[in-house]
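The residues making up each chain are set out below.
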Amino acid sequence: MTIQEWRNVPESQRRIIGTCFRLGVDFLWRGPSELLVSQAGTERLVEALTKEGATVLGLEAFNIDGDNVHPRMDLIYDSDRAPSDLSAGTVVALWPSEVWIEVVLGDQPSEGKGG
């Protein structure tokens, strides 16, 4: 990936990728529309992002079969619909180890702006 390509990656994905590198968490990135994190590292990733002030809005699980990615409609977490005592980290810890997870972050306030 070139510097120019990196600049075109959405900010939320750059944040997730950077945290994955820092924590040693495996991820699969196929462009701005597809960033999946291994289930084995997602709980640590969510914990680290939350400590940094990020809001995890949702999680969605996928199975990977070669070049094909298949959504798991039975493994979706939506923070707006989940019981208040059920966190993203708690949910993902219960999911099967072979799935890959899309992590959706909320918008972050810009540097120097209130919010």
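So, a few notes on the structure that sits alongside this text. In this convention, every chain numbers its residues from 1, walking through the sequence in written order. Local features are withheld for residues below a pLDDT of 70 in this predicted model, meaning they are given only at 70 or higher, and side-chain atom pairs are given and counted only at 80 or more; totals for whole chains, interfaces and linings count all residues. Note that water and hydrogens are dropped before the side-chain values are worked out from all heavy atoms of the structure.

Details of the nonpolar core
In plain terms, the rule: Each nonpolar core is a collection of buried residues, namely Ala, Val, Leu, Ile, Met, Phe, Trp, Tyr and Cys, held together in the definition by side-chain atoms within 4.5 Å. Each residue is assigned to one of three classes by its accessible area relative to the maximum for its type, calculated with a 1.4 Å probe on protein chains only: buried under 20%, partly exposed between the two thresholds, exposed over 50%. Secondary structure elements follow DSSP: runs of H or I of four or more residues count as helices, runs of E of two or more count as strands, with numbering from the N terminus. Contacts between residues were defined by any pair of non-hydrogen atoms, one from each residue, lying within 4.5 Å.
In this structure, Ile-16, Leu-59, Trp-95, Ile-101 and Val-103 are the most contacted members of the largest nonpolar core, which totals 23 residues. Elements with a contribution of two residues or more to this core: helix 2 (11-23), strand 2 (35-38), helix 3 (39-51), strand 3 (56-65), strand 4 (68-78), helix 4 (88-94) and strand 5 (100-105). If near-sequence neighbours (up to four positions away) are discounted, Trp-95 is found in contact with Gln-39, Leu-59, Glu-60, Ala-61, Leu-75, Ile-76, Tyr-77 and Ile-101.

What about the sheet that holds strand 4?
Our working definition: Note: two strands are recorded as paired if DSSP finds a minimum of 2 bridges between them. For helices, the axis comes from a line fit to the C-alpha atoms of the stretch in contact; other axes are also lines fit to C-alpha atoms, and the angle between any two N-to-C directions lies between 0 and 180 degrees.
Ordered by their spatial adjacency, five strands build an open sheet running 1-2-5-3-4, and the pairing between neighbours is antiparallel. Lying at the two open borders of the sheet, with one neighbouring strand each, are strand 1 (27-29) and strand 4. Direction aside, neighbouring strands of the sheet carry axes that sit 30° apart on average. When strand 1 meets strand 2, the two strands line up antiparallel, connected through three bridges. By the bridge assignment, Leu-28 is partnered in strand 2 with Leu-36. The strands that helix 3 touches are strand 2, strand 3 and strand 5; relative to strand 2, the one it contacts most, it runs at about 105°.

A short note on the environment of Phe-27
Inspection of the secondary structure puts Phe-27 in strand 1. According to the relative accessible area criterion, Phe-27 is partly exposed, its value standing at 25%. Residues within four places of Phe-27 in sequence aside, it is in contact with Ile-17, Cys-20, Phe-21, Leu-35, Leu-36, Val-37 and Trp-100.

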